[in-house]
Each structure stands twice: as C-alpha cells, then as structure tokens.
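# Inside the fold
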2 protein chains.
Amino acid sequence: MPDKQKLVESITSMDADFAQWYTDVVIKSELAGYSGVRGCMIIRPYGTALWENIRNDLDGRFKATGHENIMMPLFIPESLLQKEKDHVEGFAPEVAWVTHGGSELLAERLCVRPTSETVFCDHYAQIIHSWRDLPKLYNQWCSVVRWEKTTRPFLRTTEFYWQEGHTMHETAQEAWDETERMLGVYADFAEQSLAIPVIKGRKTDREKFAGAEATYTIEAMMHDGKALQSGTSHYFGDGFARAFDIQFTGRDNTLQYPHQTSWGLSTRIIGAIIMTHGDDSGLVMPPRVAPVQVMIVPVAMHKEGVLEKAEELRERLSKACRVKLDVSDYSPGWKFAEYEMKGVPLRLEIGPKDIEKNQCVLVRRDSREKVFVPLDQLETTVPELLEAVQQGLFDKALARRESMTYTVTDWAQMCRTAAEKPGLVKAMWCGGEACEQKLKDEAGVTSRCMPFEQEKVGEACVCCGGAAEKMVIWGKAY
Amino acid sequence: MPDKQKLVESITSMDADFAQWYTDVVIKSELAGYSGVRGCMIIRPYGTALWENIRNDLDGRFKATGHENIMMPLFIPESLLQKEKDHVEGFAPEVAWVTHGGSELLAERLCVRPTSETVFCDHYAQIIHSWRDLPKLYNQWCSVVRWEKTTRPFLRTTEFYWQEGHTMHETAQEAWDETERMLGVYADFAEQSLAIPVIKGRKTDREKFAGAEATYTIEAMMHDGKALQSGTSHYFGDGFARAFDIQFTGRDNTLQYPHQTSWGLSTRIIGAIIMTHGDDSGLVMPPRVAPVQVMIVPVAMHKEGVLEKAEELRERLSKACRVKLDVSDYSPGWKFAEYEMKGVPLRLEIGPKDIEKNQCVLVRRDSREKVFVPLDQLETTVPELLEAVQQGLFDKALARRESMTYTVTDWAQMCRTAAEKPGLVKAMWCGGEACEQKLKDEAGVTSRCMPFEQEKVGEACVCCGGAAEKMVIWGKAY
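These figures come from a predicted structure and were not determined experimentally.

## Thoughts on the overall build of chain A
In terms of helices and strands, chain A carries 14 helices and 23 strands. Taken over C-alpha atoms, the radius of gyration comes to 25 Å for chain A, in line with the 23 Å a tight globule of 478 residues would show. Split into buried and exposed, the 478 residues of chain A put 59% on the buried side. Once local pairs closer than 6 in sequence are excluded, the contacts in chain A between residues at least 24 apart make up 69%. Per element, the accessible surface of chain A, about 18,700 Å² overall, is 48% carbon and sulfur.

This is the structure we're talking about:
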C-alpha cells in the first residue's frame, strides 16, 4: 500500500475555525488549487466536472425559456465602458487594463470584461431595428475579471466563471417579467438541483447593480449563519439603450427605446454548495450535480471474483447514474475516508461475503446510514437513495435556516441578536438610507434582502421607529 | 409580409471572388459579426450553437479516451511565460499585456494566455510527485488571444476559442502514443462528424510549434484548393519539464522528468466547414453538427389545419433530430432561400395538398433533390436522409480533393503546377531547409505536410535533385 496519508485527518473542524475548514475542504477535496497569479484559482478536474454539471443543468433551463447562447469578445475598449455613467463608476476601479499588443502601445486601452452589458449594447445597436427583432434573449458562459483586494476560492476571485444573460424587450412590462422569470429559474435550480433553500427578494437601492433600476437576488444561509448572494437578476429600463442609442421602429411606426435585463450566476455557487451541505468530514455533494454519484469500493479485492463483480456492478449502474469504481491499491478504509471527503453521495461496498449473499452495502454520505441491498434490486434502489439524499439535504438545510432565523422589533433586540446569534434577522425598515447605514455600522448587518414574500413583523422601523415600509431579512454577508 | 429583402441575392459568387464569398457567407448567415474591438469577432447564436455541437462531440471523444477537463487562469505572469526559451520567442511578440489592475500599476506584467503550456507546467510541478500521479490527461475549453495584424472571421482572429489538451506521461513512448492518438481523434472527428476528409501528417521542423519536438497536423483542402491546418498535436519530450523542474519518483525509485504532449483544435474549424461544403447559395452544414437539421416550412399556412399539422410534425421529429418550424409571416420562397443560405441539411415543406395526400416534401440542401414522403414514414426517412447528406458531403469533398491533387517530379513541373492549378501537389523532398525555403519563395507553396501514409512518387528531391527523404504534400496555406 502506498504511503499517502489519510487526508481527512487534516481538515480543520467547522466549530474550531469555519474559514479554515472551508479552505481545507476546497484544497483537499481537489475542487480547486492556487495558481501563480494573485487571486486567480485553478479549478481542478473535480471542480470543473461539478461546474459542467451546474452549467448543463442551468443551460437547459435557459434554453427551455427561449434563450440562445452567444460568445462576445473578452475585451472592452475604454470608450465603450464609459458610455453609461453609473456603470463605469461601478466597474472602472476594479478592471484589468490591457495597454500593449505584442510590443505595440495601444491607441486605446482595453479592459478585460468585468461584465458585458456594454458589448451587448454595442451589438444590439447594430442588430435591433424593428419590433420584429425583439425580444433578444441572449446568454453567454465565460469568465470575467474584477481586481479584488482579498480573495477566497470560489467566493471571491479575480477571475471567475459565470453566465451572463442579456435581454432586450419591446415593453417595460416584458422586461420586468423577464427579470422575475430568470430569478425564478435561479431559485428553482438552487432548490431542486443544488438542494439549497433560497429567499427570493429585492436589493435596496444602495446595493443594486451599477446602472440597474432594480436588482433581484436569491439569498442562501450558510452553515455558519452568514448570508450568500447566489444569483442576481437586474432590470435596466431603457438607460443603457439611451446611452448606446439603441432604437427600434415600433408597431405604431414610431422610434422607441427597448427595455433591458441582465442576470448572472457564478462559480460562487460552488462556495454555497460547500458551505450549505459540508460537514467536518468534508464535502457533501447534492446528487443531481455530483460529478460522481456512486463510488464502488471493492473489499478484499485480491479475492477471486471481487473485481469482476465490482466491474459488473459498475457497468450495470452506469446506465442509471454517474458511477466510478476505484481499483487502486489503497486500502478500503482509505477509500471510504477519501470519498467521504469528496462528498460522493453514495458508497457501494462489495466483498466476498456480499457476493456469497448476492448483496452489497450502500452507505449514504449525508446520514451515513448503511443498507444491505440485494444485487437484483440495484437499479431501483440506487436512484431512490440518490433522491432521498437530495431531499434529505434540502430538508436539513431548510430546517437549519428556519431554526437560525430570528424576528426582532426594536433596536436593542436587533443589536443583541446580530451580535450573539449567527443567522438571519427579520425586521421592519422605513426605507431610509440613514437607517440602512446605521444598521450596517452599529448592528453589523452587512446583508439585506427585501423578500418578495413579505410578512408584517412589526409596525415601526427597527432603527428609527418611523413608519415601516418593508420587512427586510438582515444578515452578515459573504 | 415584411419588407426584409431576399438576403441571398447579395452573396458574391465563389468564382468571382472567393474571399468575398467567404465573408458574405459568414456575415449573412449570421454565424458571426464584427465587434468594436479590432480583430475580435462576435460569434452569434447560430455560430455558437454550431461550436457547442462541435465541442460536445469532441469533448465526448476526449472523455472516452480518459481525459478530464480543467479550468486554468486567463493570465500568465511574464516570468512564467519566459521559462521555456523557444516558447517565449514564439509567443511574446503576439501577446496582449495587462499592466494595470484598476488604477494600480502591476509589479509584474501579465499576458492574456496565447496558449497554456506554461500554466499547466506550473501546476504539474505542484501535483506530480510519483509515477502513481501519471499520466495526467487534462484538457481545457477556453479562448486565447494572439495579437494578429490581419484578421478574418474564424480563420484568424485576435481572440479565438479552442480546446487545448495538455498531458504528462511516465515514458517518452507513452507521450508519442498520446500525440498520435489525439491526432487520430481529430481526424476521426473531422471525417465522421464534419464530413471533411483530412490528411494526417507531420510538419517540418521549421513549422513546428514553439517549444515542441514534433508537431502532427490534420490538413484539409478548401473549395479554392488551398490547404487549411485543422488541428495539431505536439510532442514535447521533457523540455518543458526540465524548464519547470517537474520531477517524479519512478518505479525504480529514481527522480525522472515526465514526457509531455499538447493538442488543440479551434474555431478555425468552422472556417473549414464553410469552405469545404459551402456553395454559391451559402452554407452547407454537415448534419451531425448542424444547429438545425430539419427546418419545417409551412406552405399556405393561413389555410385551415396547416399550422397544426406542421406543429405536429415538429413535435414528432423533435424526438429524432434537431428540428425547427418557422411560422413567421415571411413568404415560403423567402424561407427557402434563407435556410438554404444557412445551410440547413433538410427542408420539410407541408401544405394543404400534401396534407390531403398524407405526405410532405423533403428537400436536401446538398443536392437539392426533392422527395415526397408519406407522413407515417417520417421518423425513418428523415434520419436516413440526414445520413445520406452526411455521406454525400464527405464523398464530394474527397472526390474534389483527389481531382485537385497533382504529382510532380521536377522543378519546372512544380512551379507550373503550383502557379496554374489550385490544389495540392505531391512531390519528394530531401529534407533540407534551403529547398523548403526555395519552394516557398519561388514556387509559392506556403503549406507543407509530410503525410503518415507515405508513397514514393519519385527518387529525387523536386527542388535540388538530391536524395529524397520524404514525400510531402505542398499547397497554399490559409
């Protein structure tokens, strides 16, 4: 047996240091590695396979709602980035600038795209002429670059992968509908495919996207009680259309500006998967996107017939799920720990005694529950168990969020709860910027989301006591 | 009916001006458009869907041969690019340099990757320690940037999309095998999926990749007789491993350098599809990668039952192929021309008379052959016809290449053939650089490929008359 050490021994426990636990899990499970470029990560094969499953699932949902993919240039000329005032103010401080091509100094600097509203608008101005050309429902999968001061794998990196949808519509109503529809697509995807319960809501004006009229968000609660913004959808009105001179001839033969949306979900969502489902043994992958759903570990594989039977089971299961068989010469115990750390939802053990009894052992990663399964029932039992793990993860995450969500009605309660209880806090807000600032500075709640599903948890603003406009879910932001 | 003009009228004919024909087809079929950044194109939804089909097909072939995908940083620090001498000489003159992050001047310039050997090697140095860690069979799908002086959509652009495989092996033999295996994957893909016949061969030492010991290539002949390099596979030996200090403990417990390959195929292949199969009416898409395989055009669609029947057929065919139905209010004639230009392999016409006879009309894009098909045979006839188009395209391209390939044995013949006959020329070569240069300068043959399948077409070098080493296929390069 090789001298490779049992890796799981070196994962910090969540309670001891949550941030270190996170980093340990990312690195040791081989989701990602560090590169020689500050703030840029290498997404290793296991992380890439996870991202591909996420991408394929989401891409199917985009196509089912009528969207088409497109591939836009990586570079944006400085003059183009500057066309929309709020947008350039938001992004210029954090972009990477290309100044030279080969040895030649460029006449105009190019930035590496931090987001692509401007290049989409430039293209839309060329291709939208008539109401017949609308809607345009485009999406692109790419990486973008934002010069970040402090970075953490998946959560905040200089280069990150995402999809960015950019759409143009004949009417404001259609664009509002699209903004909401795509937030719904994100929420369904998070809950159904990633088993992450999310709150759909609107961000405050201070927190909306640079250049947007409104930003919608899905927010999830992580294991440590902090909130993670997991996908956003923006309504732009016709602000960019005016800045980029995009006009079309309407049904009434007048020139009009189209109405715009954009929406994005990034590799950050991998951080959400880790921090929602993970535990002290490492990752726990939601089965629907898990790169490997079932890992077969043969026991006493030097014994006659074990490897053959294991390979036969792999072959059979490969028609029903993503399955792998590990025939390396590491010990079964090492393999159990390794694939627990990697969060493989089901482990299948098969050894000489199991073969005698025509059965195998299936072990769930989430509950560690162990069942003996007759081999002729494998094709029905495995998908059922995968579904059970998927549902179990969602239920557990939802129960945790509910048990860590508090309601407060006055300032003292707000400050005490925010300071003492990890989790989310529901409280009324007057809508004023001064209160928003004070809540951030003095109560330390850096995340706020105005849920679509409003409840009246009081009459007065938790901060100033004035008339309350909205119930807000406050928290500490990733 | 809208006033949109019949677009096909404005495609230049191939014979009048092949380069203009190419540009017209790319732009008018909406495969790509120009962006505001010099040399960067927008790959529009139709082109993106084609690239996605190419990617999914190739990606399946890579995974079937044991490769895993990975996502590496976009940026390469200048010091890393400089580690391998030949490599930096080849690429430094054509890279884009990032000098600023936000308003901060970077301590070290970063280039936007022109290719990723250096970042892969940097990572390999971290993760390869023992023979047990080998082979590493990695691939990434991404865009790369090379600062080109003159550009043409798909054929030569500043930013282009590709996949780059990078592998590390225990022995030189394994790496040579991989270099050849992946060239075989490219050749099978080009011939089976794109219906493009290719010649597998080796490039001369002058033309090999910067830093490689050997470069293999697949070469295709375009409609105008010029050669297009369509995919390359490189053997590196241990040159990069030494430069990057990648060592592993071998089975014999000694420290050794691993042996490396890389291989790439890019959006250039879309140029090859256009120029191999296209005609004066526009694109002709090979069915296996066509974004739309069958376009249904209803005739007299205001008549009762036509739209319903067309939708019923679309629904039925969607289980067997990629099918679309155009219910826009353009005339059937406009639609026929539009989808011919876009190269849709099969058109299905359905009108009141067809419905009466319980049949429809299927028209092949390649031969324009028209058949009446009973509706109850649609699910068998359509896939058969798609296969027939696929095979027909390959046969036609192969016959054209054969009829435009010449064999010459002396210098006068070489010069005359190269000057007068578009196509490829087989001739013997002594292997000397002086003759290679003279063939380029004086006979004007800018492309050369030493095919794996050698034939002895003479005894002496076509240029100097000395002892011939190799039969070379000469041509004019894209």
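## Here we look at the environment of Phe-75 of chain A
Tracing the backbone shows Phe-75 of chain A in strand E4 (residues 75-77). Its relative accessible area of 0% is what places Phe-75 of chain A among the buried residues. Taking the C-alpha atoms as reference points, Phe-75 of chain A and Lys-357 of chain A, 282 residues apart in sequence, are found 63 Å from one another. Each residue touching Phe-75 of chain A, except ones within four places of it in the same chain, is listed here: Val-98, Leu-110, Cys-111, Val-112 and Val-119 of chain A together with Val-37, Cys-40, Ala-96, Val-112, Val-145 and Trp-147 of chain B.

## Observations concerning the packing of aromatic side chains
Residues and elements named next belong to chain B. With the rule as written, the count across this model stands at 38 aromatic pairs over all chains. Relative to Phe-240, the ring of Phe-236 lies with its centre 5.1 Å away and its plane at 85 degrees, an arrangement referred to as edge-to-face. With a relative accessible area of 1%, Phe-236 lands in the buried category. A cation over a ring is seen here: Lys-226 above Tyr-478, with NZ or CZ 4.7 Å from the ring centre. Across the ring face of Trp-411, the terminal group of Lys-438 is positioned such that the distance to the ring centre comes to 4.7 Å.

## With respect to the relation of the copies chain B and chain A
Screw-axis analysis of chain B against chain A gives a translation of 0.0 Å along the axis, an RMSD of 0.0 Å, and a rotation angle of 180 degrees. The operation mapping one copy onto its partner corresponds to a two-fold rotation axis. For chain B, the minimum C-alpha distance to the rotation axis belongs to Val-98 of chain B and amounts to 2.1 Å. The residues that chain B uses at the interface reappear at the interface of chain A in 100% of cases, marking a shared surface.

## A word on the sheet that holds strand E5 (residues 96-101) of chain A
With respect to topology, six strands assemble into an open sheet ordered E4(A)-E6(A)-E5(A)-E5(B)-E6(B)-E4(B), the strand pairing being antiparallel. What marks the edges here is a single partner per strand, and that holds for E4 of chain A together with strand E4 (75-77) of chain B. Going across the sheet, the axis of each strand differs from the next one's by a mean of 45 degrees, ignoring polarity. Sheet topology places E4 of chain A next to strand E6 (residues 104-112) of chain A; three bridges connect them, and they run antiparallel. Across the sheet, the residue bridging to Ile-76 of chain A is Cys-111 of chain A, located in E6 of chain A.

## With respect to the interface of chain B and chain A
Taken together, the contact between chain B and chain A spans 52 residues of the former and 52 residues of the latter. Of the roughly 4,400 Å² buried at the junction of chain B and chain A (both faces included), carbon and sulfur atoms supply 60%. Where chain B meets chain A, there are four salt bridges. The closest approach of N and O atoms between Lys-63 of chain B and Glu-52 of chain A, which form a salt bridge, is 3.0 Å.

## Looking at the pairing of strand E11 (residues 227-237) of chain A
Residues and elements named next belong to chain A. Most of E11 sits inside the fold, with 10 of its 11 residues counted as buried. Examined bridge by bridge, strand E10 (residues 214-221) and E11 share eight bridges and lie antiparallel to one another. Of the residues in E11, the one forming a bridge with Ile-218 is Gly-231. Connecting E10 to the antiparallel partner E11 that follows it, the hairpin turn spans five residues, and Gly-225 within it adopts a positive phi of roughly 90 degrees.

Rules behind the numbers
- Residues numbered from 1 in each chain as written.
- Chains lettered and ligands numbered in written order.
- Predicted model: local features only at pLDDT ≥ 70, side-chain atom pairs only at ≥ 80, totals over all residues.
- Heavy atoms only, no water.
- Helix = DSSP H or I, 4+ residues; strand = E, 2+ residues; numbered from the N terminus.
- Rg over C-alpha atoms; globule rule 2.2 N^0.38 Å.
- Buried < 20%, exposed > 50% of the residue type's maximum accessible area, 1.4 Å probe, protein only.
- Contact = heavy atoms within 4.5 Å.
- Areas by Shrake-Rupley, 256 points an atom, 1.4 Å probe, with all protein chains shown as cover.
- Phe/Tyr/Trp six-rings, centres within 6.5 Å; stacked < 30°, edge-to-face > 60°.
- Lys NZ or Arg CZ within 6 Å of the ring centre and 35° of its normal.
- Least-squares fit on C-alpha atoms with pLDDT ≥ 70 in both.
- Pairing = 2+ DSSP bridges.
- Axes fitted to C-alpha atoms, helices over the stretch in contact; angles between N-to-C directions.
- Buried area = accessible area lost by both parts, 1.4 Å probe.
- Salt bridge = Lys/Arg side-chain N within 4 Å of Asp/Glu carboxyl O.

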